[in-house]
Number of protein chains: 2
Amino acid sequence: MKRNTWQREAVRQALGDNEGFVSAQSLHSSLRVAGSPIGLATVYRALADLAVEGEADSLQSIDGESLYRACTPGQHHHHLICRNCGLTVEIEADAVERWAKSVAAEHGFTQPNHVVDVFGLCAACSVAADPSRP
Amino acid sequence: MKRNTWQREAVRQALGDNEGFVSAQSLHSSLRVAGSPIGLATVYRALADLAVEGEADSLQSIDGESLYRACTPGQHHHHLICRNCGLTVEIEADAVERWAKSVAAEHGFTQPNHVVDVFGLCAACSVAADPSRP
DNA sequence: AAGCCTAATGAGATTCGTTATCAATAATTC
DNA sequence: GAATTATTGATAACGAATCTCATTAGGCTT
């Protein structure tokens with residue numbers, strides 16, 4: 001049976017408090033800094049559970065570590081992420097879902113997963129990077 | 001100044017001989033099995049160089065390791081990858097390209113990059129994994 | 001409230017991919 | 001051929017993530 005512990009809740013809340021994607025390590029250390037005695041292994045477990053339950057999205061950062069972010073549960077979606085400030089927008093992509101499924105089936109592949117993320121500069125960071133073109 | 005060594009050439013060739021994405025580790029061990037005394041660190045360095053020069057594509061596998069594959073430089077494409085045997089099919093995705101661009105613009109994002117990869121089990125591995133459902 | 005069962009925790013050890021170190025080697029230039 | 005110096009490679013170091021297992025505590029029953 002699944003149990004509710006203050007640790008799970010602390011991780012869920014810490015995730016929700018954060019705007020963009022965070023690593024398990026940094027989430028753990030910010031919890032510790034905030035005075036929580038939560039253990040690192042527990043943070044990893046809680047994040048993995050949240051990801052399975054659909055309450056968190058996860059992606060692999062460039063250097064291979066897993067990053068997590070709170071998300072609206074129950075809905076499969078992808079992300080538009082500012083590579084400067086980390087601002088993240090959730091995007092729906094039914095067309096992409098169908099495309100991924102069909103392209104997999106077309107080549108005889110089963111159990112298709114897909115990784116679809118768009119990185120860019122958000123409006124604010126675009127202006128900051130090139131003020132001449134607002 | 002950059003120097004040409006047989007080790008770089010061996011890595012480039014081993015990559016080209018391979019059908020799908022390979023990890024640095026497995027590439028190294030197959031080179032060793034083939035009789036080459038090449039070192040592991042050198043394989044990592046050669047692969048990183050090839051990726052920077054555009055002669056290899058790299059991606060992060062589900063479990064966090066970097067996988068590499070030879071590719072024709074200057075051409076943008078995506079991949080359909082068997083997560084069991086590594087078999088890779090290059091896929092065209094003009095529709096996805098346009099979708100990524102438009103969704104980025106729609107939210108005020110500029111300079112859009114995107115990560116689009118589909119993982120699954122290829123026909124052969126699907127049968128091997130579940131022979132009852134060929 | 002007390003007790004039981006067992007899921008969950010957490011400190012530390014462990015695994016494993018990748019990178020850094022640094023003396024030795026060898027590719028290029030002169 | 002000698003000099004220069006990029007490159008190599010064995011090994012150490014690093015870091016993210018997982019595992020171990022004794023301990024803790026959540027939720028149920030009585």
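Owing to the predicted nature of the structure, the values given are computational and were not obtained by experimental measurement.

### Topic: the UniProt feature "binding site: Zn(2+)" (unreviewed entry) in chain A
All names here are of chain A.
- The UniProt record annotates "binding site: Zn(2+)" (unreviewed entry) at Cys-82, Cys-85, Cys-122 and Cys-125. A maximum C-alpha distance of 8.1 Å is found for the annotated residues, which run over 44 residues; spatially they form one tight group.
- Locating Cys-82 in the fold gives a position in strand β4 (residues 78-82).
- Position of Cys-85 among the secondary structure elements: in the loop between β4 and β5 (88-91).

### Some words on the interface of chain B and chain A
- Counting residues at the interface gives 36 residues for chain B, matched by 36 residues for chain A.
- Regarding the contact of chain B and chain A, the summed buried area is about 2900 Å², with carbon and sulfur atoms giving 66% of it.
- Seen at the junction of chain B and chain A, the total is zero salt bridges.
- In this assembly, chain B and chain A are joined by twelve residue pairs in polar contact (both at pLDDT 80 or more).
- Here the element with the most residues in the side of chain B that touches chain A is strand β6 (residues 110-121) of chain B; it accounts for twelve residues.

### What about the UniProt feature "binding site: Fe cation" (unreviewed entry) in chain A?
- Per the UniProt record, the feature "binding site: Fe cation" (unreviewed entry) sits at His76(A), Glu97(A) and His114(A). Maximum C-alpha separation among the annotated residues is 11.2 Å over a sequence range of 39 residues, consistent with a single clustered spot.
- Examined against the element boundaries, His76(A) turns out to sit in the loop between β3 (66-70) and β4.
- For His76(A), the residues in contact, after removing those within four places along its chain, are Glu97(A) and His114(A).
- A distance of 3.4 Å separates the side chain of His76(A) from the side chain of His78(A), its partner in a polar contact.
- With respect to the helices and strands, His114(A) occurs in strand β6 (residues 110-121).
- On the basis of relative accessibility, which here comes to 19%, the residue His114(A) falls in the buried class.
- Discounting chain neighbours no more than four positions away, the residues touching His114(A) are His76(A), His78(A), Glu97(A), Ala100(A), Asp117(B) and Val118(B).

Criteria and thresholds
- Residues numbered from 1 in each chain as written.
- Chains lettered and ligands numbered in written order.
- Predicted model: local features only at pLDDT ≥ 70, side-chain atom pairs only at ≥ 80, totals over all residues.
- Heavy atoms only, no water.
- UniProt positions renumbered as here; feature names shortened; annotations may be inferred.
- Helix = DSSP H or I, 4+ residues; strand = E, 2+ residues; numbered from the N terminus.
- Contact = heavy atoms within 4.5 Å.
- Buried area = accessible area lost by both parts, 1.4 Å probe.
- Salt bridge = Lys/Arg side-chain N within 4 Å of Asp/Glu carboxyl O.
- Polar contact = N/O pair within 3.5 Å; in protein donor to acceptor, adjacent residues only side chain to side chain.
- Buried < 20%, exposed > 50% of the residue type's maximum accessible area, 1.4 Å probe, protein only.

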